[in-house]
Amino acid sequence: MQNFHNHCKDISGISFQNRLLYSSGIVSHALKEAAMGVFILFYYKQVLGLSGTLTGLAIAISIIWDGISDPMIGAWSDRLRSRIGRRHPLMIAAVIPLAAGFVMLYGPPDTVLSDQGQLFAWLLISILLVRTALTFFMVPYLALGAEITNDYHQRSQLAGMRTIMAWFIGTLASATGLIFLFNEENGLDGRFVIDNYHFFGWINGFLVILFSVICIAGTWQYIPKLSSGAANASGNMLRDLFSTFRNKNFRYMVILDMGLGGIGGITATLLMVTYTYFWQLDATQTSILFAGPIIVAILLVAIFSGFLNRLFEKQQLLRLTCALTTINLLWLTPLKLFDLLPDNSAVVFALIYVNWAVHVTMTILRVIAVQSLLADIVDEQELATGKRQEGVIFAAAFFSAKFISGFGYLIAGPFLDLIGLQAGARPGEVSSTVLWGLGLIMGPGLAIIMLLPLWMSFKVKMSHASQLEVRQALSQRQQAGDSSNNATP
């Protein structure tokens, strides 16, 4: 077995440039989030005419498959042996299929547009390709981030830069697309023009290749310094998967992620629809909301995250962000539903802006805390089992979130049909049933679901002191092993 601990010490001081090169790998994930959160359901339902039920079903199936495949790829990555390490072979294999998947997703051929079954099949196949290829890239990519440093605070820094870049790129893709491709031109709303989506798909494919290559090249230097995982691999992949759930903190994190996954699925499905029909915003206003609050949130996190990480333990930040998110979900949409907002549209827009900025700020801080805590759980798991299981830990954690997220899409898609939102409907033309349905689910409904992550956040028991104890125990075990090996003739 390679000396993992000594190697981590060699690379624990990660420069800003190297953090940036590593973080560039998150771009593909950010583009997928922009697709799922902004464009795809709106595109397939409102523009191409696929029913909300079938659109939501295709997305839900893909997410459930994504959740199932994540732990398998994580276990495979942990056990993989090659001359270029455990992580990079899978990342390299994913790049071209992932780019092709984006092109297909945004560019269904004319021959399938007139048939609901064929259009559903095209959406399902395209999104399965995107998610499967992204799993091959993201699972080893996240595991690599947990491997290259064992420092408590530097793990937060690495997770912070990665998360900030994900939100920034996702925001940039959504906002620039809405402004330059999907804006109104000559009286025609660009959000309803099919060719705009085709071009956007090719842009996404190009960006996937560009930033994936930058990440792979930028992290190549770590390959000789990381554990090969050879001695850690057991003979049973399923045993590796299920052994992670013996860790109590990990189980709480999984349940927490389940709640967040459900909220994420519903929000991603309905946010664009809510802006368009509930708040009756045009493409420019929507692009501002997809960009402005998120940029504010990114700046706030970038400026204050270091201070917050020194002031609070990670689990304390987790509790704080869950509590504030729940409170923030309860006030704005009910004011609109009961006609308690002022008539001034500029004031209403400002309130929406502030509400979403708070939501995104709490989300980013929570993601940083969750991913950094998962990296610490890897150490706990190594102490308990003697195995480094970065891939399994991250993949198994995200399995639950994605699985429940799939049900979020499965609920939200038919929900649009249930409340009577018709394909091609323009803002201001929908019924009060649509308005009340969107307002209730996107406010109080999400707040109720948020109670589960809030509860779990208070059950997680991890601290800087406990992480240091784990690292010290691992170091002592390593030193004892080295002494034993040296004493053997």
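About the cut-offs
- Residues numbered from 1 in each chain as written.
- Predicted model: local features only at pLDDT ≥ 70, side-chain atom pairs only at ≥ 80, totals over all residues.
- Heavy atoms only, no water.
- Axes fitted to C-alpha atoms, helices over the stretch in contact; angles between N-to-C directions.
- Helix = DSSP H or I, 4+ residues; strand = E, 2+ residues; numbered from the N terminus.
- Parallel < 35°, antiparallel > 145°, perpendicular 65-115°, else oblique.
- Left-handed = near helix turned anticlockwise from the far one by under 90°.
- Contact = heavy atoms within 4.5 Å.
- Nonpolar A, V, L, I, M, F, W, Y, C, P; charged D, E, K, R; others polar.
- Salt bridge = Lys/Arg side-chain N within 4 Å of Asp/Glu carboxyl O.
- Buried < 20%, exposed > 50% of the residue type's maximum accessible area, 1.4 Å probe, protein only.
- Phe/Tyr/Trp six-rings, centres within 6.5 Å; stacked < 30°, edge-to-face > 60°.
- Lys NZ or Arg CZ within 6 Å of the ring centre and 35° of its normal.
- 1 Å grid on protein atoms, 1.4 Å probe; cavity = no way out; pocket = protein on both sides within 12 Å on 5 of 7 lines; lining within 4 Å.
- Points joined across faces, edges and corners; volume = space filled by probe spheres on them.
- Expected span 1.5 Å × (residues − 1).
- pLDDT = per-residue confidence, 0-100.

A.B. asks: Where do I start with the packing of helix 12 (residues 314-328) against helix 14 (residues 345-385) in this structure?
C.D. replies: Helices that pack against each other are described as a pair by the angle of their axes relative to one another and the distance between those axes. Look at helix 12 against helix 14: their axes get within 9 Å of each other, and the N-to-C directions meet at 150°. One way to sum up the angle between helix 12 and helix 14 is to call them roughly antiparallel. Considering only the axes of helix 12 and helix 14, their crossing is left-handed. Facing helix 12, whose interface residues are K314, Q315, L318, T321, C322, L324, T325 and N328, helix 14 presents N355, V358, H359, M362, L365, R366, A369, V370, S372, L373 and D376. Across the contact of helix 12 with helix 14, the residue classes break down as 9 nonpolar, 7 polar and 3 charged.

A.B. asks: Can you walk me through the pattern of salt bridges in this structure?
C.D. replies: Working definition: two side chains of opposite charge can pair if their charged atoms are close together. Going through the model one piece at a time under the given rule, you end up with 3 salt bridges. For K32, the salt bridge identified is with E33, shortest N-O distance 2.4 Å. A relative accessible area of 7% places K32 in the buried class. Look at E33 and you get partly exposed, because its relative accessible area is 39%.

A.B. asks: Sorry, what's going on with the packing of aromatic side chains here?
C.D. replies: We describe a pair of aromatic rings using the distance from one ring centre to the other and the angle between the two ring planes. Throughout the structure, instances matching the rule amount to 14 aromatic pairs. Each ring, one from W76 and one from F136, has its centre 6.0 Å from the other, and the planes form 85°; the classification is edge-to-face. Residue W76 is found in helix 4 (residues 52-79), and its partner F136 is found in helix 6 (residues 116-147); the two are separated by 60 residues along the sequence. The exposure class assigned to W76 is partly exposed, which follows from its relative accessible area of 38%. Looking at F136, the relative accessible area reads 23%, which means it is partly exposed. Connected via pairs of aromatic rings, a cluster forms that spans F39, Y43, Y44, Y106, F182, Y197 and F200. One cation-aromatic arrangement involves R426 over F192; the distance from NZ or CZ to the ring centre is 4.0 Å.

A.B. asks: I keep staring at empty space enclosed by the protein and nothing clicks. Help me out?
C.D. replies: One pass over the full model with this rule turns up 7 cavities of 30 Å³ or more. What the second largest cavity holds in volume is close to 230 Å³. Put simply, the parts of the chain that give the lining of the second largest cavity at least two residues each are helix 10 (248-278), helix 13 (332-337), helix 14 and helix 16 (432-457). Among the residues forming the lining of the second largest cavity, the class breakdown is 9 nonpolar, 7 polar and no charged.

A.B. asks: So what exactly am I meant to see when it comes to the environment of Q381 here?
C.D. replies: Turning to its location among the elements, Q381 is positioned in helix 14. Classification of Q381 as buried rests on a relative accessible area of 4%. When the C-alpha positions of Q381 and I393 are compared, they lie 8.9 Å apart, and in sequence the two are 12 residues distant. Look past the residues within four positions of Q381 in its chain and what remains in contact with it is S243, T244, N247, G386, K387, Q389 and I393.

A.B. asks: Mind showing me how you'd approach the environment of A143 here?
C.D. replies: Position of A143 among the secondary structure elements: in helix 6. Relative accessible area serves as the criterion here: at 0%, A143 is assigned to the buried category. Measuring from C-alpha to C-alpha, the distance between A143 and G74 comes to 8.2 Å, with 69 residues separating the pair along the chain. Contact partners of A143, with chain neighbours within four places excluded, come to R87, E390 and G391.

A.B. asks: Looking at this structure, how should I read helix 8 (residues 194-219)?
C.D. replies: Note that an α-helix has 3.6 residues per turn; residues three or four places apart therefore point the same way. For helix 8, spanning 26 residues, the distance from its first C-alpha to its last is 38 Å, which sits close to the expected 38 Å at 1.5 Å a residue. Residues of helix 8 that are buried: N196, Y197, F200, G201, N204, G205, V208, S212, C215, I216, G218 and T219.

A.B. asks: Please clarify how the confidence of the model for the protein should be interpreted in this entry.
C.D. replies: The pLDDT averaged across the protein works out to 84; a share of 89% of its residues lies at or above 70. Here residues 1-12 is modelled with pLDDT under 50, and outside its nearest four sequence neighbours on either side it reaches 29 contacts, counting other chains as well.

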